[in-house]
Amino acid sequence: MSTPILEIRDLHVQVEDKEILKGVDLVVPAGEVHAIMGRNGSGKSTLSNAITGRDGYEVTEGDILLEGKSILELEADERAAAGLFMAFQYPIEIPGVATMTFLKSAMNAQRKARGEDELTTPEFMKAVQGAAKDLSIDKDMLKRALNVGFSGGEKKRAEVLQMALLEPRMCILDETDSGLDIDALQVVSEGVNRLRAPNRSMLVITHYQRLLNHIVPDRVHVFSDGRIVESGDKELALELEAKGYAAYDPVAA
Amino acid sequence: MTDQKPILTGAEKALLAQLEQAGQSAGAHEFAIAGLPTRRVESYHYSDLRSLLTQVPLLAVAADVAPGTESPAPYLSDAVCLDMVNGRVSIPGNMPAGLVVKEISGSVLSERDDALVRLNRGLAGQAVHIQFEGDVGWTVLVSRHLSGDACHVVDGVDVIVAPGASGTLVEMFDSSDAAHLGNHATRVRLGEGARFTHVIIDLCARAVRHFHSLEYDLGTNASMRNLIVNSGASLSRVQMFGRFSGSRAHGDFTGLNLVDEGQHCDITFDLGHAVPDTTSRELFKSVARNRARAVFQGKIVVDPVAQKTDAKMMAQGLMLSEGAQILTKPELEIFADDVQCGHGCTCGELDSDTLFYLMSRGIPRAEAESMLIRAFLQELFDPLENDELVGRLEAIVANWLENGSASAGAGKAD
Ligand SMILES: Nc1ncnc2c1ncn2[C@@H]1O[C@H](COP(=O)(O)OP(=O)(O)OP(=O)(O)O)[C@@H](O)[C@H]1O
Ligand SMILES: [Mg+2]
């Protein structure tokens, strides 16, 4: 059996001295798409922040392996260069940083970290224009400062654009569907599906089964109170849609 | 109450002797009583010159200067360049039409209750007078070089922008690596409808102490923008005294303290809206790294007659190290009732969410920090219309960023 792209072992994470993740076990084999669903506040974003290495998310127990190697000691930028990408639930607006400058810096920084040559300007332009076209992203949007003044849906599209350009091994999409209209959902899902590949895996966090009609998952996991409490195939998402999360809530002591 | 004379410091004694030697007996008498300003003088609250200015070199004399020294590649290719070496002006022969440049003597500053202004008025040697006429919009670059052994240079630039005329003045300061003391002055008078851009860049060696007093007078319908960049010198104070004397005039006053270990840079601003219907915007930024101190004091006074004044002052600070200090004091004194005035002030570290966003895309921490610092400063540079000048300013910032990572002491949380 080949090494899974992402493996999480008994992960415990504290935020500001409060334990949020209480023993997460998850294996995402190469080429698979896994979905995570769960109540607000159950710890889904905490999981994606801990995987991507945000300061303040303290791993107290367990391990996170990317292609078989622990990434706990790596800084966020090193994890990205190792092939990790998270599409943010709430992308950050950065006034004064031009979108194109940012994209080029990110692509070249990763290439440099991997010992690859930097992109020439024509190569870079071509890549951006192609990816932007695929995602119906307006050229004018790319001329603005990063995410500044983008609508909610535009920000999510821009996240997927970054994902397409950075070609990660492991993609985490944290509620990329929220804030998208029906057409945008279609465009973004197609964008994500285009990136599905035998050596690339995805973790899709969502509240809506609807997204999973477009991006069909191999596995669905139910998250509750900082743990995965149930896993199944795509039918599980339909079941959740019908019955809600009540059955998975922790039993009151 | 005691009326005993204060004990003068060594620096004060040297300045007193220079005033006496210059025949400024009244000024010397006054200085002997007041000395250099301490923190008890309101406008020097954060810059106690008596303790900060520890030593005063000999006054530069014209004979010290080797004339016609090497002239490096022009800093700005389309500018008319004037050099002042240790206070001595050299003016190229053929000035283009619309530009009058001549040598004058004495101080260019008006009398006012300020120690640095008094010293400039008492000790000034030469100054250069520049008059912009017509709307060609010449750019003049005045480069002040403090050269050779440490010396005390007292000089000035006097600018008139004729009614309806426009122009840009860039003032650059650089130096040899010696403990020079500069007491520079610039006076700008804008005629009716005149337009003016003024950029002042201090790139002196760290050994230098740099003082610069600026005076602005804006006539009816005049408009101007300035930008002060303090990045050289161990001790610097750039003080601006602005006055609106004609209605419907507008001023954008901006500045930057870009400071590192051991530097104390002060921008002090004093603006009087003295007539009705004038507008001003002030934007002052400080970036401080290691044990550096950046000071901004801003005061806007709106006279009783100055109805419809619209003035907004903003001070923003970015602290990159724990030992860095940014001290800010904004003041509004409003004596008219129909005005729109406000001030704001923010000071903090780089935003950690923003930093994480950039790093999560693979951009290393130091590079991400540099991107955010450049972004923080962009709104100071963007409004300047001269791309070459903006490029120069960006290069100053890039150079500053490269001389050590901005992340000193800000490693990973654990
Ligand atoms: N910085 C923080 N400080 C304190 N508590 C936090 C912090 N970040 C997250 N939490 C808490 O951790 C819990 C999990 O939050 P998280 O954002 O991971 O939930 P989520 O499952 O992504 O929810 P949603 O579906 O609403 O996005 C919540 O109770 C939240 O309040
Ligand atoms: Mg969330």
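This structure is a prediction, so every number in the text was calculated from the model and none was measured.

Draft legend 1. Expanded view of the coordination of the magnesium ion (ligand 2). All names here are of chain A. Protein-derived coordination of the magnesium ion (ligand 2) comes from Ser45 (OG) and Gln89 (OE1), at a distance range of 2.0 to 2.3 Å. Placement of Ser45 in helix H1 (residues 44-52) and of Gln89 in the loop between strand S6 (84-87) and strand S7 (94-98) is noted, with a sequence separation of 44 residues between them. By relative accessible area, Ser45 is classed as partly exposed at 24%. Gln89 gets classed as buried once you look at its relative accessible area, which sits at 15%.

Draft legend 2. Local environment of the nonpolar core. Residue and element names in this part refer to chain B. If you look at the biggest cluster of nonpolar residues, it comprises 105 residues, and the most contacted ones within it are Val287 and Leu377. Top contributing element to this core by residue count: helix H6 (residues 365-381), with nine residues. Not counting chain neighbours up to four residues away, the residues in contact with Leu377 comprise Leu256, Leu258, Lys285, Val287 and Val397. Counting 56 residues, the second largest nonpolar core, distinct from the first, contains Val159, Tyr216, Val238 and Ala315.

Draft legend 3. Focus on the packing of aromatic side chains. Within this structure, the stated rule accounts for eight aromatic pairs over all chains. With 5.7 Å between their ring centres and 50° between their planes, Phe88 of chain A and Phe356 of chain B make a pair best called tilted. Linking Phe88 of chain A in the loop between S6 and S7 with Phe356 of chain B in helix H5 (residues 352-359), this pair reaches from one chain into another. On the accessibility criterion, Phe356 of chain B (5% relative accessible area) is buried. These aromatic residues form a ring-pair network of at least three members: Tyr216, Phe253, Phe269, Phe284 and Phe296 of chain B. In this structure, Arg237 of chain B is placed above the aromatic ring of Tyr44 of chain B, and the distance from its NZ or CZ to the ring centre is 3.6 Å. Sitting over the face of the ring of Phe376 of chain B, Lys285 of chain B holds its NZ or CZ atom 4.2 Å from the ring centroid.

Draft legend 4. The site of ligand 1, seen in detail. All names here are of chain A. Neighbouring residues of ligand 1: 15 residues in total, closest Gly41, Lys44, Ser45, Thr46 and His207. In this structure, an oxygen atom belonging to ligand 1 sits 3.3 Å away from a main-chain N or O atom of Ser42. When the free accessible area of ligand 1 is taken as 640 Å², the share hidden by the protein chains comes to 67%. Taken together, the elements giving at least two residues each to the shell around ligand 1 come down to strand S2 (18-28) and H1. The element best represented in the shell around ligand 1 is H1, accounting for three residues. A per-class count over the shell around ligand 1 returns two nonpolar, eight polar and five charged.

Draft legend 5. Local environment of the sheet that holds strand S1 (residues 80-85) of chain B. Residue and element names in this part refer to chain B. Strands sit in the order S2-S1-S5-S7-S9-S11-S13-S15-S17-S19 across an open sheet of ten strands; the sheet is mixed. Looking at which strands have only one partner, the edges of the open sheet turn out to be strand S2 (88-90) and strand S19 (340-348). With strand direction ignored, the average angle separating the axes of adjacent strands in the sheet is 10°. Strand direction decides the pairing type here: strand S7 (residues 166-175) and strand S9 (residues 195-202), joined by eight bridges, are parallel. When the bridges of S9 are listed, Leu169 appears paired with His198. The strands that H6 touches are strand S11 (223-230), strand S13 (250-259), strand S15 (279-288) and strand S17 (310-319); relative to S15, the one it contacts most, it runs at about 155°.

Draft legend 6. Spotlight on the packing of helix H3 (residues 99-113) of chain A against helix H4 (residues 121-134) of chain A. Residues and elements named next belong to chain A. In contact at an axis separation of 11 Å, H3 and H4 are set at 110° when each is read in the N-to-C sense. By the criterion of interaxial angle, the relationship of H3 to H4 is roughly perpendicular. Between H3 and H4 lies a crossing of right-handed hand. Packed against H3, whose contacting residues are Met100, Leu103, Lys104 and Met107, the element H4 presents Thr121, Phe124, Met125, Ala127 and Val128 at the interface.

So, how was this worked out
- Residues numbered from 1 in each chain as written.
- Chains lettered and ligands numbered in written order.
- Predicted model: local features only at pLDDT ≥ 70, side-chain atom pairs only at ≥ 80, totals over all residues.
- Heavy atoms only, no water.
- Donors = N, O, S within 2.8 Å, 3.2 Å for Na, K, Ca; no water.
- Helix = DSSP H or I, 4+ residues; strand = E, 2+ residues; numbered from the N terminus.
- Buried < 20%, exposed > 50% of the residue type's maximum accessible area, 1.4 Å probe, protein only.
- Core = buried A, V, L, I, M, F, W, Y, C linked by side-chain atoms within 4.5 Å.
- Contact = heavy atoms within 4.5 Å.
- Phe/Tyr/Trp six-rings, centres within 6.5 Å; stacked < 30°, edge-to-face > 60°.
- Lys NZ or Arg CZ within 6 Å of the ring centre and 35° of its normal.
- Near = heavy atom within 4 Å.
- Polar contact = N/O pair within 3.5 Å; in protein donor to acceptor, adjacent residues only side chain to side chain.
- Areas by Shrake-Rupley, 256 points an atom, 1.4 Å probe, with all protein chains shown as cover.
- Nonpolar A, V, L, I, M, F, W, Y, C, P; charged D, E, K, R; others polar.
- Pairing = 2+ DSSP bridges.
- Axes fitted to C-alpha atoms, helices over the stretch in contact; angles between N-to-C directions.
- Parallel < 35°, antiparallel > 145°, perpendicular 65-115°, else oblique.
- Left-handed = near helix turned anticlockwise from the far one by under 90°.

That's the geometry; what it means functionally is another story.
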